[in-house]
Every structure is written in structure tokens, then in C-alpha cells.
Amino acid sequence: MSVENVVDFFEQHQKSVNILTFEDTSTVSKAAEALGVTPGEIAKSLLFKVKEDFIMILMAGDKRLDNKKFKEIFNAKAKMPEAEEVSEATGHPVGGVCPFGLRRQIPVYLDYSLQAYARVFPAAGACNTAVKLSIDELEELTGGQWVDVIQS
């Protein structure tokens, strides 16, 4: 169901994107190995709870969140929701979370670390799927705002 929502999302945006399917791409290292790319090229999607709302941040797969930068930008401590909340908010299971075909509208932020790559591979709604997008396509499709929230 979740992958179908992603397919519908791309159709609604008149974007022809192939959903790549593998045995397991639920972690950055598994996804990078399956795709034959570096971990940095995996655009990991992280959902955070900010007060009573959710936000999603996409960053290069080999980067880690800087809690201080997060707090300065969002005026709140970075709090990751429970797996059940993630699924409820996004419609996607943990390991397949992506900014496409979301169950509800969630603001999306793109970390500048993604700009080091010509193309990136975010998940596509299941723990064994991904899509290949240019940075411009990712920005256009997500409407994401650029931020700097990774550790230096």
C-alpha cells in the first residue's frame, strides 16, 4: 500500500520515476550495497516530532544529526517518534520512510549534505525500495527547504 502511494505521488506530479526493488534496503549500508553506491548517496529520511507536529529531514546517508543545530533551527530538541507514530504519520514503515505519498502533510527539510551528490537514492515507501533522483528533482518534488543540521 505504501509503495502504491509513492507511485501515485509521482503520477500526480507527472514524474516518470522507476521504483527500484531489492531484497532489503532498510538501512543506509544495506541500501548502498544493493544500489552499488556510497552511503552518502542514500538520502535518509528522518522523521522528528517538534512539539505536537512532525517534520522530515533528508540528509546524506553517511551524516549524523547535530542536535545543537537542530535546536537552533527548530527551537526544539530533536525527538524521534516511536515506530508506530512514524507509520501513522507518514503511511510508510520504518526503513521505507520517504517524503513521497505521505499520509498527511509534513514539512520537508533537505540538509545541504545532499548537494555533494549529482543524484541521491531516497526510500520509496517500503524497506526494500528506492528511487534515483537528481538533487533538483528531489527539491522540486518535496518542496523542501535547505537547512544545515549535520555534525561537522
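Notes on the structure in this doc start here.

**Digging into the sheet that holds strand S2 (residues 42-50)**
Pairing in this open sheet of six strands is mixed, and the strands run S7-S5-S2-S3-S4-S8 from one edge to the other. Looking at which strands have only one partner, the edges of the open sheet turn out to be strand S7 (133-134) and strand S8 (145-147). Lying on the sheet, helix H2 (residues 28-35) is in contact with S2 and strand S5 (119-122); it crosses S2 at an angle near 155°.

**Thoughts on the packing of aromatic side chains**
One pass over the structure, following the stated rule, counts seven aromatic pairs. Taken together, a centroid distance of 4.9 Å and an interplanar angle of 45° make the contact between Phe10 and Phe100 tilted. Of this pair, Phe10 sits in helix H1 (residues 2-12) while Phe100 sits in the loop between helix H4 (83-90) and strand S4 (108-111); the two residues are 90 residues apart in sequence, bridging distant segments of the chain. Owing to a relative accessible area of 0%, Phe100 belongs among the buried residues under this scheme. Seen from their ring centres, Phe48 and Phe70 are 5.0 Å apart, and the 55° between their planes marks the pair as tilted. In this pair, Phe48 sits in strand S2 while Phe70 sits in helix H3 (residues 67-74), placing the two residues 22 residues apart along the sequence.

**A word on the side chain of Asp111**
Inspection of the secondary structure assignment puts Asp111 in strand S4. There is no salt bridge for the buried Asp111, and the closest opposite charge comes from Lys69, which lies 6.8 Å off by N-O distance. Here Asp111 is in contact with Leu58, Met59, Trp146, Val147, Asp148, Val149 and Ile150, once residues within four sequence places are set aside.

**A word on unusual backbone geometry**
One non-glycine residue, Gln14, lies in positive phi territory at about 50°. Judged by its relative accessible area of 75%, Gln14 is exposed. Positive phi values are uncommon outside glycine, yet Lys51 reaches one of about 60°. Mapped onto the elements of the fold, Lys51 is located in the loop between S2 and strand S3 (53-60). Residue Lys51 is classed as exposed on the basis of its relative accessible area of 60%.

**Side note on H4**
Buried within H4 we find Val86, Ala89 and Thr90. Mapping the buried residues of H4 onto a view down its axis gives an arc of 80°, with all of them on the same face. Within two residues after H4, Gly91 carries a phi angle of roughly 85°, on the positive side.

**So, the pairing of S4**
Of the two faces of S4, both are covered, the one formed by Val108 and Leu110 as well as the one formed by Tyr109 and Asp111. The pairing of S3 with S4 spans three bridges and is parallel. Counterpart to Met56 in the pairing with S4 is Val108. Inspection of the sheet shows S4 paired to S8 by three bridges, in the parallel sense. Bridging from a neighbouring strand, Leu110 pairs with Trp146 of S8.

**Comments concerning the pairing of S2**
Every other side chain in a regular strand lies on the same face of the sheet, so the side chains alternate between the two faces. Across the nine residues of S2, eight count as buried, placing the element largely inside the fold. Relative to S3, S2 runs antiparallel, the two being bridged by eight bridges. In the sheet register, Leu46 faces S3, and the bridge partner there is Ile57. Connecting S2 to the antiparallel partner S3 that follows it, the hairpin turn spans two residues, and Lys51 within it adopts a positive phi of roughly 60°.

Quick notes on the rules
By convention here, each chain's residues receive numbers from 1 onward along its written sequence. Reporting in this predicted model follows two pLDDT cut-offs: at least 70 for local features of residues, and 80 or more for side-chain atom pairs to be given and counted; totals over whole chains, interfaces and linings ignore these cut-offs and use all residues. Side-chain measures were taken over the full set of non-hydrogen atoms in the model, leaving aside hydrogen atoms and water. Strands are labelled as partners when DSSP assigns at least two bridges between them. The numbering of helices and of strands both runs from the N terminus, where a helix is a DSSP run of H or I of at least 4 residues and a strand a run of E of at least 2. Residue contacts are counted whenever heavy atoms from the two residues lie within 4.5 Å of one another. Lines are fitted to the C-alpha atoms to define the axes, a helix being fitted only along its stretch in contact, and any angle between axes, read from their N-to-C directions, falls within 0 to 180 degrees. Two rings from Phe, Tyr or Trp (for Trp, the six-membered ring) form a pair when their centres sit within 6.5 Å of each other. Planes less than 30 degrees apart are called stacked, planes more than 60 degrees apart edge-to-face, and all others tilted. Only protein chains enter the accessibility calculation, which uses a 1.4 Å probe. A residue is then buried if its area is under 20% of the maximum for its type, exposed if over 50%, and partly exposed in between. Asp and Glu are treated as the negative residues and Lys and Arg as the positive ones, with His and the ends of the chain left uncounted. Just to be clear on terms, a salt bridge is a Lys or Arg side-chain nitrogen sitting within 4 Å of an Asp or Glu carboxyl oxygen. The arc under discussion is defined with respect to the helix axis, by the directions toward the C-beta atoms.

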